[in-house]
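Chain by chain, the residues run as shown.
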Amino acid sequence: MDGPCEKASGDSCNEARDSMKRGRSSITRQLGQTALLQIGLLAASTPASAQEVGMLVLEAPASIESAAYGNTPYFFSNEAALLFYSPALIEQLSGVAAGFQRYGTEGTLTTLSGAGTGLGGGFAAGFQYMSYDTPLSFLTERDLQSFTFTQGEHGVTEFVGSIGYARTVLGVHTGVALKYMQQIVDSTQDQTWAADFGLAKEVGRTMISLTAKNLGSDLKIVEHLCATCDPTELLVTHDLELPTQIVAGVSVEQFEVGEFDMILTSQVMRRRDGELIPAGGVEVSYWPVQGYTFRIRAGLQRVTEEDRSPFTVGAGFTGDNITIEYAFQSFDERGSAHRFGLRWH
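Because the structure is predicted, anything quoted here is derived from the model rather than measured. (Residues numbered from 1 in each chain as written. Predicted model: local features only at pLDDT ≥ 70, side-chain atom pairs only at ≥ 80, totals over all residues. Heavy atoms only, no water.)

Further remarks concern empty space enclosed by the protein. Here the structure, examined in full by the defined rule, presents five cavities of 30 Å³ or more. Roughly 270 Å³ of volume is contained in the largest cavity. If you trace the largest cavity, you find 31 residues lining it, with Leu58, Asn71, Lys213, Gln245 and Met269 closest to the centre. Along the lines of polarity and charge, the residues of the lining of the largest cavity split into 14 nonpolar, ten polar and seven charged. (1 Å grid on protein atoms, 1.4 Å probe; cavity = no way out; pocket = protein on both sides within 12 Å on 5 of 7 lines; lining within 4 Å. Points joined across faces, edges and corners; volume = space filled by probe spheres on them. Nonpolar A, V, L, I, M, F, W, Y, C, P; charged D, E, K, R; others polar.)

What follows is the structure in structure tokens.
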């Protein structure tokens, strides 16, 4: 097919070429201006700590036992709630675990999980539901659990549903958990999907775990600044970062110390904002009669908010196949978090 210059005179062809050059030059200038504008906005943006963040429920304890250890899981546990911490170990989980957490008189967190085996590996499913009020429409710092104590004008609910599968491949525990999550702030909401990927390996009397958590698209919530105005006017879009984490942990298998049994567990978490959060815990248990065990727990965790104590404590009682658990953490003058759990295994 003939081109435009082959159908026109020489002058017309030259004019066409000049017009195309001017068009390309204009597009180049626009792209350059756009790039410079984006660089300027990035340079002028506030630090990462001021980025709006979402899904606080993914940073709060998802297991009452883990809450007592400074929100550190015990990687030899068969508790179904380990799904929320280390999907690589789903194959060793069984039974059902339920938890209820109360933050003062305002905030609540409910969790439920169950696990079983099949298809050459293990399956687990669970949900986390958190409700609280906040004086801010959207949080700008990570893991602000103290905000769940406040009486604010904005109501927040967060939901996460998870399903996971794991099996052992070449002696290494491998697993994945898929998550559907939704955050509602007042009358606005958004939902997204994310995934956790994990590896774990038993080495002697220790279990080593490595997990990448909450890998997915960030939330986008459109806020109406004027409730009585046109719904299409005065809109602000909030980009809420998910709490992406890389977590490495190690637990020591239960061992005897005189008449008592003891377990040790620890982990280091790298948050999306670059903060490193080391944590760990210990349990001392005693069983005066076969099948009945009393447990005392304590933990320590680095915290990045001033109002929260780094120390956690807890207790538990196991009778046959039922375990009742409790964990406590102080939030200074704001109050305390009381956490209650029930497990069947």
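Now that the structure is up, let's keep going.
Once that is clear, we can look at the pattern of salt bridges. Counted by the stated rule, this structure contains 14 salt bridges. Between Glu253 and Arg205 there is a salt bridge; the shortest N-O distance is 3.8 Å. Here Glu253 is found in strand β10 (residues 245-257), whereas its partner Arg205 is found in the loop between β6 (188-203) and β7 (206-216), with 48 residues between them in sequence. Of the residues examined, Arg205 reaches a relative accessible area of 46% and is grouped as partly exposed. Between Asp307 and Arg334 there is a salt bridge; the shortest N-O distance is 2.8 Å. (Salt bridge = Lys/Arg side-chain N within 4 Å of Asp/Glu carboxyl O. Helix = DSSP H or I, 4+ residues; strand = E, 2+ residues; numbered from the N terminus. Buried < 20%, exposed > 50% of the residue type's maximum accessible area, 1.4 Å probe, protein only.)

One way to see where empty space is left: roll a probe the size of a water molecule over the atoms. In this structure, the largest pocket spans a volume of roughly 390 Å³. The wall of the largest pocket is formed by 21 residues, among which Asn78, Gln254, Glu283, Arg295 and Thr318 lie closest to the centre. Elements represented by at least two residues in the lining of the largest pocket include exactly β10, β11 (260-271), β12 (276-289) and β13 (292-301). Across the lining of the largest pocket, the residue classes tally to four nonpolar, nine polar and eight charged.

So, on to the pairing of β7. As defined by bridge partners, β6 adjoins β7 across nine bridges and the pair is classed as antiparallel. Bridge pairing links Val203 to Thr206 in β7. What sits between β6 and β7 in their antiparallel hairpin is a turn of two residues, with Gly204 showing a positive phi close to 65 degrees. Judged from the eight bridges that link them, β7 and β10 form a sheet pairing that is antiparallel. Counterpart to Leu210 in the pairing with β10 is Ala248. (Pairing = 2+ DSSP bridges.)

One can expect most non-glycine residues to show negative phi and most peptide bonds to be in trans. Although it is not a glycine, Met55 adopts a positive phi angle of roughly 60 degrees. Note that Met55 resides in the loop between α2 (10-44) and α3 (64-68). Among the residues examined, Met55 registers a relative accessible area of 0% and is labelled buried. Of note, the phi angle at Asp186 is positive, near 55 degrees, even though the residue is not glycine.

Time to look at the nonpolar core. By size, the foremost hydrophobic cluster in this structure holds 25 residues, and its most contacted members are Met55, Val57, Tyr103, Met130, Leu139 and Met181. Elements supplying a minimum of two residues to this core: β3 (121-134), β4 (154-169), β5 (172-185) and β8 (219-224). With near-sequence residues (within four places) excluded, Met181 lies in contact with Met55, Leu58, Phe159, Val160, Asp190, Gln191, Thr192, Ala194 and Leu242. (Core = buried A, V, L, I, M, F, W, Y, C linked by side-chain atoms within 4.5 Å. Contact = heavy atoms within 4.5 Å.)

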